Every structure is written in structure tokens, then in C-alpha cells.
Amino acid sequence: MKRPVIVLTGGGTAGHVSVNEALIPEFLEKGYEIHYIGSHDGIEKELIEGRHKEVTYHAIQSGKLRRYFSMKNFTDPVRVGAGALQAFAILRKLKPEIVFSKGGFVSVPVVLAAKLAKVPVVVHESDVTPGLANKLALPFSNHIFTVFEQTLEYVPAGKATCTGAVIRPEIFTGDRNEGLRIARLTGTKPVVIVMGGSQGSAILNEAVRKDLDELLEMFEIIHLCGKGNIDDSLEHLTGYTQFEYVTEGLPHLLAAADFAVSRAGSNAIFELLSLLKPMLLIPLSAAKSRGDQLVNASLFQSLGIANVVKEEELERERLVVCLEKLLQDQQQLHTNMVKVANTKSPAKMAELILTYKN
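Figured I'd write up the structure that's included with this text. Since we're looking at a predicted model, the values are computed, not measured.

Some details on the overall build of the chain
Along its length, the chain carries 14 helices and 15 strands. Relative to a compact globule of 358 residues, whose C-alpha radius of gyration would be 21 Å, the chain shows 21 Å and is just as compact. Along the longest, intermediate and shortest principal axes, the C-alpha atoms of the chain span 60 × 45 × 40 Å. Within the chain, the proportion of its 358 residues that are buried is 54%.

Structure, rendered in C-alpha cells:
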């Protein structure tokens, strides 16, 4: 008997892939044949093909959605159209019961194609305000699940449910001693993990390295600095370890960390919340994004579960001073985090998604 088929999509950043990765084992356990539609060269291709051999990956053309002027704004709609046709052909061949979209620009042609192919679509939105891709997808979706209660104000009332964050189970499997071993640290000082997102952050990298001597007097540091951003001149320093990007060993590094400095992407900050890690958030500025990280960070700050410093304030504030304050605030932050942590297991999320299948 032929197995039922589900199609997953989403990409552009690791955050647009992590929820899909958490759901893959659940759909496999339910007997589904899983296919993933993404871009030819996005991080989703690297993560899915590299870590999920049981999933069939299909690459399509896709255009980036920009809020600023670019000549590519005139050509990318053609790529989106071509991607929609490619996705339509894939869906007609696979005949999936449902498409689950995590967002990101590559998801737009897939959702359009699903509507044309009369395949139900469920969308997941991690940020307080929907991203542009999900805004475009909403009219063609059957339902949208949100992480934040506040997001329900921005989506159609009859087709949205707040479920809380979906956290990858492996995040909870980390071992502190193994993390210290991987990072070549002793754990004799508080350990700070600095995470600039899957692309890395030049501003965070500069802030860490500028205050590094003072920071190392107080902390040991695990620095996830992004591809191509390793500084070879710092490799000899005791108590400081650099990684471009970590996948398999991340749960161990998080277990080793006492504090976190992070961008304010929803998936990352909810993972830190679920692990009860006191965090300093440095959100992407409105000049570099649609402002979603600023909103996420502001909400976490208002709940008393994170300290926040804006990019433009970082030079004036200095990272070492911000971390001293995080050290002082850790007990209150931890108490508040215990009260508000709200997550959905991947198993439960998979069940909710499948209620909308054909």
C-alpha cells in the first residue's frame, strides 16, 4: 500500500528550517513519505540533504522578497512564477495530503502552487508580526499556527491558532561536560554562548572581540560567528572558542552555557527560554530588517525574561557592561522564565497539522 505523502517547505535562514526538522521524525513515525521543496542554494538544502536522508529534496527557482529598491525586484517575480510552475508539477506528481509551510521567500511559490493543485496548506509563523512571505501565503492557506498570542491580531480570526513554540527535542539532550570538551573550556568561570544566527553577525562579532580581554577575565566564551568569520589571530586564547556554525553539537554547547548573547529570531530565543538560559538579546535593527526581531525582543523584555540592547546602542553600552548586568539579573530572569515558558511538542504539532489534510 502506498504511503501517504506530506510536503514541507521553508527556507532562507536556519530558523525557517528548524521547526520542519523537529517535525520530520513525527511524520515518519506516522508512516508518511516526506518531500521538501526549497531553493537550489539556500541553507534549507544544506540542512535537509545533509541531515535527513529519509526526506526527498526538490529544488525550485525562487526570488527574494525585498522592501527596498533593487533591479532584481523586476526580475525576481519571473523567478517566483517559474518556481510556482515547478512546484505545481512536483505537487501534481506527488499528490500530497497536505503542505506545511514554515515561511521564508522560497515558500511563496510552493503555497501558490498548492492552491492551484487544490492541496491544503498549513502555515507556521514564529514572529509576533507575520513576515512578508507568510502575509502573501495567508490568502491561500487553510490555517495558520502562531507562536505568539499577539500574532492573532494580525491574521484572519477564523483561520488561526496560537500553539506556542515548537522546540526540537534534541535541544534538551545536551551534556554540559561534552559541551565543555567540544569547546575546549574548563567551566571554572561562567560560560557565555554568543549566537549571531545562521548567517553570523558582524556587529556581535565586533562587540565580542573588542572587549575580549575584559570578557575573558569574567567569562569563558563560545562564539558562533558565522561562515567565513573565524579570526585566526584569536585561536590561541584560553577560554575563547570560535565556531562558524554548529548543528550536531549545538545541544551540548547550549548545555555548557550559563548565559546567552543572541539575535532575537523567534526560534532561537524560544529555545533559550525553554532551556532557561538568561539571555541578552541584540535584535537586528529596523534598517536591516522588517523589524520583527525588535518586536520579539521588546516582548521578551516586557515579560522580564531577557535583557535587550539595540544594535545602535551597543558601542555606547559595551558588551562587557551588558554582561555584568546580565550576571546581576540572572536570578530574576530565571524566575520569570519558569513562569512563562510555553512550548508545543513536535508530536502534538504534527497531529494539529494533519487535522487539515485532504
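Now that the structure is up, let's keep going.
Quick notes on the pairing of strand 3 (residues 56–60)
With five bridges joining them, strand 2 (residues 33–39) and strand 3 adopt parallel strand pairing. Within strand 3, the position partnered with G38 by the bridge is A59. Chirality of the crossover, the property in question, places the unit of strand 2, helix 2 (residues 43–51) and strand 3 among those that are right-handed.

Details of the nonpolar core
I193, I222, L224, F270, M279, L281 and F300 are the most contacted members of the largest nonpolar core, which totals 36 residues. Elements with a contribution of two residues or more to this core: helix 6 (176–183), strand 9 (191–195), strand 10 (220–224), helix 9 (250–256), helix 10 (266–274), strand 13 (279–281) and helix 11 (292–302). A22, I24, V55 and F145 belong to the second-largest nonpolar core, a separate cluster that totals 26 residues.

Details of the packing of helix 1 (residues 15–29) against helix 2
The N-to-C vectors of helix 1 and helix 2 enclose an angle of 20°; their axes lie 11 Å apart at closest approach. Relative to helix 2, helix 1 is oriented roughly parallel. Between helix 1 and helix 2 lies a crossing of right-handed hand. Contacts between helix 1 and helix 2 involve V17, E21 and I24 from the former and E44, L47, I48 and R51 from the latter. Broken down by class, the residue content of the contact of helix 1 with helix 2 amounts to four nonpolar, no polar and three charged.

Observations concerning the sheet that holds strand 3
Strands belonging to one sheet form pairs held by backbone hydrogen bonds; the direction of such a pair is parallel or antiparallel. Sheet architecture is open: seven strands sit in the order 3-2-1-4-5-6-7, paired in parallel fashion. Each end of this open sheet is capped by a strand with a single partner; those strands are strand 3 and strand 7 (160–162). When strand polarity is set aside, the average angle formed by the axes of neighbouring strands in this sheet is 20°. Pairing geometry for strand 4 (residues 98–101) and strand 5 (residues 121–125), over three bridges, is parallel. Residue pairing across strands places F100 opposite V122, the latter belonging to strand 5.

Topic: the pairing of strand 4
On a regular strand, each side chain points to the face opposite its neighbour's, so the side chains alternate between the two faces of the sheet. Every second residue of strand 4 is oriented toward a common face, with I98 and F100 on one face and V99 and S101 on the other, all of them buried. Inspection of the sheet shows strand 1 (residues 5–9) paired to strand 4 by four bridges, in the parallel sense. Paired with V7 across the bridge in strand 4 is V99. For the crossover that starts at strand 4, traverses helix 4 (residues 107–116) and ends in the parallel strand 5, the hand is right-handed.

Quick look at the environment of V121
Within the element layout of this structure, V121 appears in strand 5. Residue classification places V121 among the buried positions, given a relative accessible area of 0%. Linking V121 and V111, residues 10 residues apart in sequence, is a C-alpha distance of 6.8 Å. Filtering out sequence-adjacent residues up to four positions away, V121 remains in contact with V99, V111, A114, F140, S141, N142 and H143.

A closer look at the packing of aromatic side chains
Throughout the structure, instances matching the rule amount to six aromatic pairs. Geometrically, the ring pair formed by F27 and Y32 is edge-to-face, given 6.2 Å between the ring centres and 70° between the ring planes. Judged by relative accessible area, F27 falls into the buried class, the value being 0%. On the accessibility criterion, Y32 (4% relative accessible area) is buried. A connected cluster of aromatic rings, assembled from ring pairs, spans F148, F270 and F300.

About the thresholds
Residues numbered from 1 in each chain as written. Predicted model: local features only at pLDDT ≥ 70, side-chain atom pairs only at ≥ 80, totals over all residues. Heavy atoms only, no water. Helix = DSSP H or I, 4+ residues; strand = E, 2+ residues; numbered from the N terminus. Rg over C-alpha atoms; globule rule 2.2 N^0.38 Å. Buried < 20%, exposed > 50% of the residue type's maximum accessible area, 1.4 Å probe, protein only. Pairing = 2+ DSSP bridges. Right-handed = clockwise from strand over helix to strand, strands pointing away. Core = buried A, V, L, I, M, F, W, Y, C linked by side-chain atoms within 4.5 Å. Axes fitted to C-alpha atoms, helices over the stretch in contact; angles between N-to-C directions. Parallel < 35°, antiparallel > 145°, perpendicular 65-115°, else oblique. Left-handed = near helix turned anticlockwise from the far one by under 90°. Contact = heavy atoms within 4.5 Å. Nonpolar A, V, L, I, M, F, W, Y, C, P; charged D, E, K, R; others polar. Phe/Tyr/Trp six-rings, centres within 6.5 Å; stacked < 30°, edge-to-face > 60°.

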